[in-house]
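# Observations on the three-dimensional arrangement
One-letter residues, chain by chain:
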Amino acid sequence: MKTYSAKQSELEQTCWLIDAKGQTLGRLSTVIANLLRGKLNPQYTPHVNCGAMVIVVNASEIQVTGKKPVQKLYRRHSGYPGGLRTLTFNEMHQKKPEKIIEIAVKGMLPKTSLGHQQLLKLKVFAGPEHTHQAQKPLVYDIQKGGAQ
């Protein structure tokens, strides 16, 4: 019996729409990362970009548990001496709520060129409107673990 290895030309691209309203950040991010990697696809192949495009709406209504709104820190550095900038979850949530989900999902993807390709398929919007109606996304229900 031979091992099946999917080829990029054989795979069909799907598009999922996820509503982040009232969802916990970590649990939502793992679902998104699995969809981007294609792990829910029966033809999953680790070295091929077989994941789907994921559109996340209502990112401004994401939640975290415990003391994370005050204690969780987002750091970035300009590269210059004294260039470290730190924001708490609450500050980041007010300025760029979509960036919170992007950072969480990026940490769950491989740190390779394949992971970068998969991250490009993630589109996050702060409100309920998105600009990808032409892709005809299927609504993904997180509680049920699939399409509605």
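Here, the structure is the one placed above.
Heads up: these notes are all about the structure in this document. (Residues numbered from 1 in each chain as written. Predicted model: local features only at pLDDT ≥ 70, side-chain atom pairs only at ≥ 80, totals over all residues. Heavy atoms only, no water.)

### Some details on the side chain of K121
Defined as follows: Secondary structure is summarised from DSSP: a helix means a run of H or I of at least four residues, a strand means a run of E of at least two, and numbering begins at the N terminus for each. Between buried and exposed lies partly exposed: a residue is buried under 20% and exposed over 50% of the maximum accessible area for its type, with that area taken using a 1.4 Å probe on protein chains only. Under the convention used here, Asp and Glu are negative, Lys and Arg are positive, and both His and the chain ends fall outside the count. Definition used for salt bridges: Asp or Glu carboxyl oxygen within 4 Å of a side-chain nitrogen of Lys or Arg. It only takes one pair of heavy atoms within 4.5 Å for two residues to be counted as in contact.
Here K121 lies in the loop between α5 (113–119) and β5 (122–124). Buried within the structure, K121 lacks any salt-bridge partner; E12 is the closest side chain of opposite charge, at an N-O distance of 12 Å. Beyond its immediate chain neighbours, meaning those up to four positions away, K121 contacts Q13, L36, N49, G51, A52, M53 and V54.

### Thoughts on unusual backbone geometry
Glycine aside, a negative phi is what most residues show, and trans is what most peptide bonds show. Phi at N58 is positive, roughly 60°, even though this residue is not glycine. Relative accessible area serves as the criterion here: at 9%, N58 is assigned to the buried category. With a phi close to 50°, K136 is a non-glycine residue in the positive phi region. Checked against the element boundaries, K136 lands in the loop between β5 and β6 (138–141). A residue is classified by how much of its surface remains accessible, and K136, at 69% relative accessible area, is exposed.

### Notes on the packing of helix α1 (residues 25–37) against helix α4 (residues 97–106)
Note the cut-off: Axis angles are defined between N-to-C directions and span 0 to 180 degrees, where every axis is a line fitted to C-alpha atoms and, for a helix, only to the segment in contact. Throughout this description, any angle smaller than 35 degrees is read as roughly parallel, any larger than 145 degrees as roughly antiparallel, any in the 65 to 115 degree range as roughly perpendicular, and the remainder as oblique. Crossings are assigned a handedness: left-handed for a near helix turned anticlockwise from the far helix by less than a right angle, right-handed for a clockwise turn. Following the grouping adopted for this structure description, the nonpolar residues are Ala, Val, Leu, Ile, Met, Phe, Trp, Tyr, Cys and Pro, the charged ones are Asp, Glu, Lys and Arg, and the polar ones are all others, Gly among them.
Between α1 and α4, the least distance of the axes is 9 Å, while the angle of their chain directions is 60°. Looking at the two axes, α1 sits oblique to α4. Note on packing geometry: the crossing formed by α1 with α4 is right-handed. On α4, the residues that touch L25, L28, S29, I32, A33 and L36 of α1 are I100, I101, A104 and V105. Of the residues assigned to the contact of α1 with α4, the class counts are nine nonpolar, one polar and no charged.

### Looking at the side chain of Q118
Considering the arrangement of structural elements, one finds Q118 in helix α5. Setting aside anything within four residues of it in sequence, one finds Q118 in contact with L36, R37, N49, L109 and P110.

### Description of the sheet that holds strand β1 (residues 15–19)
Under the convention used in this document: We call two strands paired when DSSP finds no fewer than two bridges between them.
As summarised here, the arrangement of the five strands in space is β5-β2-β1-β6-β7, forming an open sheet in which the pairing is mixed. Strand pairing shows two members of the sheet lacking a second neighbour, β5 and β7 (146–147), which therefore form its edges. For β1 and β6, the ladder comprises two bridges, and the chain directions are parallel. By the bridge assignment, L17 is partnered in β6 with V139. Along the sheet, α4 contacts β2 (53–57) and β5; its crossing angle with β5, the most-contacted strand, is approximately 155°.

### Some points on the environment of K21
Along the chain, the position of K21 falls in the loop between β1 and α1. The class for K21 is exposed, based on a relative accessible area of 52%.

### Side note on the layout of surface pockets
Gaps between atoms show up when a probe of the same size as a water molecule is rolled over them. How we decide: The definitions used throughout rest on a 1 Å grid laid over the protein atoms alone, on which a cavity is an enclosed set of points accommodating a 1.4 Å probe that cannot get out and a pocket is an open set flanked by protein within 12 Å on both sides along at least five of seven lines; lining residues are those having an atom within 4 Å of a point. Grid points are joined across faces, edges and corners, and a volume is the space filled by probe spheres set on the points.
Estimated volume of the largest pocket: approximately 270 Å³. Contributing to the lining of the largest pocket are 19 residues, with T14, W16, L40, N41 and A52 lying nearest its centre. For the lining of the largest pocket, the class distribution of residues is eight nonpolar, eight polar and three charged. In this structure, the second largest pocket spans a volume of roughly 230 Å³. What lines the second largest pocket is simply Y74, R75, R76, R85, L87, M92, K95, K96, K99 and I103.

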